[in-house]
Amino acid sequence: MKKISNNKKLTIAIMDMDNLKNPFWGAGQARVTREVGKRLAKKHKVIVYSSKYPGYKDYLEDGISYKHIGIVSKSSKITNIAYLLSVPLQVRKIKDADIIIEEFNAPVSVSFSPLFTKIPLIAIPTIFSAEKFAKKYHIPFDWVEALGVK
């Protein structure tokens, strides 16, 4: 692991499906990401990777650069699935970040990002909902979550 000086301006990548401009959600987790990002952006470069949605545009706000991944769809379920499948590919492409922060997302919470990057990764487990979604959709999301959290 590389040593980081106290005076160095870091590049911090945040993986969060939601952002406040997302018409499907724009919810609490997006607010947390914005507030944490604003504070970090005072001293560091912050890039948030969130899901695409109809009418999305990459933008800069509060010192945070927002970039969108996945696909555009009128269905929130499709954009969510596309985002979740895109996260491991995206973290693999990130080369200039000193650290990656990943917000867990429903339905499975984890994305196995640490398997796809050597950049130190911090998970923010704001949600553990796989068991609920496993019952609802009859898909073993809870097994994946249990494995991924390890």
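For the structure itself, look to the data block above.
Residues numbered from 1 in each chain as written. Predicted model: local features only at pLDDT ≥ 70, side-chain atom pairs only at ≥ 80, totals over all residues. Heavy atoms only, no water.

Trainee: Help me out: how do you make sense of the pattern of salt bridges in this one?
Mentor: Between side chains of opposite charge, a pair can form when the charged atoms approach closely. Taken as a whole and judged by the stated rule, the model has seven salt bridges. Between Lys 8 and Asp 98 there is a salt bridge, and its shortest N-O distance comes to 2.8 Å. On the criterion of sequence distance, the pair formed by Lys 8 in the segment before β1 (11-15) and Asp 98 in the loop between α2 (76-93) and β5 (99-103) is long-range, its members being 90 residues apart. The partly exposed category is assigned to Lys 8, whose relative accessible area is 39%. By relative accessible area, which is 5% here, Asp 98 ends up buried. (Salt bridge = Lys/Arg side-chain N within 4 Å of Asp/Glu carboxyl O. Helix = DSSP H or I, 4+ residues; strand = E, 2+ residues; numbered from the N terminus. Buried < 20%, exposed > 50% of the residue type's maximum accessible area, 1.4 Å probe, protein only.)

Trainee: Please clarify how unusual backbone geometry should be interpreted in this entry.
Mentor: Excluding glycine, residues mostly carry a negative phi; peptide bonds, for their part, are mostly trans. In this structure, Asp 62 takes a positive phi of about 55° despite not being glycine. Considering the arrangement of structural elements, one finds Asp 62 in the loop between β3 (59-61) and β4 (64-69).

Trainee: Explanation requested: the nonpolar core in the structure shown.
Mentor: The nonpolar side chains of a soluble globular protein tend to be buried, and buried together. One finds Met 15, Tyr 49, Tyr 83, Ile 94 and Ile 100 to be the most contacted residues of the largest nonpolar core, which totals 14 residues. Breaking this core down by element, the ones donating at least two residues are β1, β2 (45-51) and α2. Ile 12, Val 48, Tyr 53 and Ile 64 belong to the second largest nonpolar core, which has eleven residues in total. (Core = buried A, V, L, I, M, F, W, Y, C linked by side-chain atoms within 4.5 Å.)

Trainee: Hey, could you run me through α2 in this one?
Mentor: Every α-helix winds through 3.6 residues per turn, so residues three or four apart in the chain are directed the same way. Along its 18 residues, α2 runs 25 Å from first to last C-alpha, staying within 8% of the 26 Å computed at 1.5 Å per residue. Listing the buried residues of α2 in full gives Thr 79, Asn 80, Ala 82, Tyr 83, Leu 84, Ser 86, Val 87, Pro 88, Gln 90 and Val 91. Each element contacted by the buried residues of α2 is listed here: β1, β2, β4 and β5. (Expected span 1.5 Å × (residues − 1). Contact = heavy atoms within 4.5 Å.)

Trainee: Got a minute to help me understand the sheet that holds β4 in this structure?
Mentor: The strands making up a sheet are joined through hydrogen bonds of the backbone, oriented either antiparallel or parallel. Pairing is mixed across the open sheet formed by six strands, whose spatial order is β3-β4-β2-β1-β5-β6. One side of each edge strand has no neighbouring strand; the edge strands of this open sheet are β3 and β6 (121-124). Between one strand and the next, the sheet's axes are offset by a mean angle of 25°, whatever the strand orientation. Examined bridge by bridge, β5 and β6 share four bridges and lie parallel to one another. For Glu 103, the partnering residue across the bridge sits in β6 and is Ile 124. Here helix α1 (residues 28-41) sits on the sheet in contact with β1, β2, β3, β4 and β5, set at roughly 135° to β4. Together, β1, β2, β4 and β5 form the strand contacts of α2, whose direction differs from that of β2 by roughly 140°. (Pairing = 2+ DSSP bridges. Axes fitted to C-alpha atoms, helices over the stretch in contact; angles between N-to-C directions.)

Trainee: Would you mind going over the packing of aromatic side chains with me for this structure?
Mentor: What characterises a pair of aromatic rings is the spacing of the ring centres plus the angle enclosed by the ring planes. Per the counting criterion, the structure on display carries two aromatic pairs. Consider the rings of Tyr 53 and Tyr 56, whose centres lie 6.3 Å apart with planes at 75°: the pair is edge-to-face. We classify Tyr 56 as partly exposed; its relative accessible area is 26%. With 4.6 Å between their ring centres and 15° between their planes, Tyr 59 and Tyr 66 make a pair best called stacked. The same class applies to Tyr 59 and to Tyr 66, which are both buried. Positioned above the aromatic ring of Tyr 59, the side-chain terminus of Lys 21 is 4.0 Å from the ring centre. (Phe/Tyr/Trp six-rings, centres within 6.5 Å; stacked < 30°, edge-to-face > 60°. Lys NZ or Arg CZ within 6 Å of the ring centre and 35° of its normal.)

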